[in-house]
Amino acid sequence: MISRFHFPDRLPAGGEVALPEALAHHALRVLRLRDGEVVVLFDGAGGEVEARLAVRGKAVFAQLGEARALERESPLRIVLVQALASGDKMDWVVQKAVELGVHAVQPVQAERSVLRLAGERADKRVAHWQQVAVAACEQCGRNRVPEIRPLQALASWLGAHRDALNYVLAPGGARGFADEPEPKDVVHLLVGPEGGWSEGELAAFDAAGCRRVRLGPRVLRTETAGLAAVAALQARWGDF
């Protein structure tokens, strides 16, 4: 397979670009690519460019070929609203959600979230998750990088999205996606933390007009539930 790299700046229409140090190091030292090898670059604005590496001493350049207007985005715009999960679960969720085609990921702080983030620590973690999304795009072929949005308190997020189409994953829900009409706009998919949603949060969802849905008779872990729901939505109305 040809290696794909996200270029951090807007790619020009042709010519040659110098690869940033981190990208060059990954290409030469990690992937062991050599002078003259063909790679694919994308800048996140859509489309991709085939390029040829040119190694000159410690500097690495990419000689750009013709741009290709390839899009691999789903027609169904899903925003995964994921309650913070502990350990490396959030990395896993972000990576797999990007591979499955989500439009964006919105981390939220829920009452029962084990992980607690605020201020600079929250900003650093969101920046890290954005890089996880970039790497997932490099692997799966997406040319537009989904946004990992700034962390919000669940109540604040809900207050700003009361009129949106919000699906809440909740064991014991009365209906599944098969009972729902095809969405006409962005779909928000809310996934609880390890301890699940609190009764207060469920009441707030009901008051805001959110739709509780189930994923079969089994209780899924937080790192499984959202991904299973995204796959189900993509199979029903997306591009699976």
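Our subject is the structure listed above.
Please read all numbers here as calculations on a predicted model, not as lab measurements.

Colleague: Just to check I follow, could you spell out the packing of aromatic side chains for this structure?
Modeller: Two numbers describe a pair of aromatic rings. These are the distance of the centres and the angle of the planes. Scanning the entire structure with this criterion turns up 2 aromatic pairs. Between Trp-197 and Phe-205, the ring centres sit 4.9 Å apart and the planes meet at 80 degrees, which makes this aromatic pair edge-to-face. Each member of the pair, Trp-197 as well as Phe-205, is classed as buried. Positioned above the aromatic ring of Phe-61, the side-chain terminus of Arg-56 is 4.6 Å from the ring centre. Seen from the ring of Trp-92, Lys-96 lies directly overhead, with NZ or CZ sitting 4.9 Å from the centre.

Colleague: For this particular structure, what's the right way to read the state of the cysteines?
Modeller: Joining two cysteines, a disulfide is a covalent bond between their sulfur atoms. Following the criterion strictly, the structure yields 0 disulfides and no others. The thiol sulfur of Cys-140 is not disulfide-bonded, and the nearest other cysteine sulfur, from Cys-137, lies at 5.3 Å. By relative accessible area, which is 28% here, Cys-140 ends up partly exposed.

Colleague: So what exactly am I meant to see when it comes to the pairing of strand S4 (residues 48-56) here?
Modeller: Looking along a regular strand, one sees the side chains alternate between the two faces of the sheet. Where strand S3 (residues 38-42) and S4 come together, 4 bridges link them in antiparallel fashion. Paired with Val-40 across the two strands is Glu-50, which belongs to S4. Linking two consecutive strands that pair antiparallel, namely S3 and S4, is a turn of 5 residues; a positive phi of about 90 degrees is found at Gly-44 within it. In this sheet, strand S5 (residues 59-68) lies alongside S4 in antiparallel orientation, the contact comprising 8 bridges. Paired with Leu-53 across the bridge in S5 is Ala-62.

Colleague: So what exactly am I meant to see when it comes to unusual backbone geometry here?
Modeller: Trans is the common state for peptide bonds, and a negative phi is the common state for residues other than glycine. With phi around 60 degrees, Arg-32 is a residue other than glycine that occupies positive phi space. As for its position among the elements, Arg-32 is in the loop between helix H1 (21-30) and S3.

Colleague: What am I meant to see in the packing of helix H2 (residues 89-100) against helix H6 (residues 222-237) here?
Modeller: When two helices pack together, their arrangement is given by the angle between the helix axes and by the axis-to-axis distance. Where H2 contacts H6, the two axes come as close as 9 Å, and the packing angle between them is 5 degrees. Judged on the interaxial angle alone, H6 and H2 are roughly parallel. Contacts from Lys-89, Trp-92, Val-93, Lys-96, Ala-97 and Leu-100 in H2 reach Glu-223, Leu-227, Val-230 and Gln-234 in H6. For the contact of H2 with H6, the per-class residue count stands at 6 nonpolar, 1 polar and 3 charged.

Scoring rules and cut-offs
Residues numbered from 1 in each chain as written. Predicted model: local features only at pLDDT ≥ 70, side-chain atom pairs only at ≥ 80, totals over all residues. Heavy atoms only, no water. Phe/Tyr/Trp six-rings, centres within 6.5 Å; stacked < 30°, edge-to-face > 60°. Buried < 20%, exposed > 50% of the residue type's maximum accessible area, 1.4 Å probe, protein only. Lys NZ or Arg CZ within 6 Å of the ring centre and 35° of its normal. Disulfide = S-S within 2.5 Å. Pairing = 2+ DSSP bridges. Helix = DSSP H or I, 4+ residues; strand = E, 2+ residues; numbered from the N terminus. Axes fitted to C-alpha atoms, helices over the stretch in contact; angles between N-to-C directions. Parallel < 35°, antiparallel > 145°, perpendicular 65-115°, else oblique. Contact = heavy atoms within 4.5 Å. Nonpolar A, V, L, I, M, F, W, Y, C, P; charged D, E, K, R; others polar.

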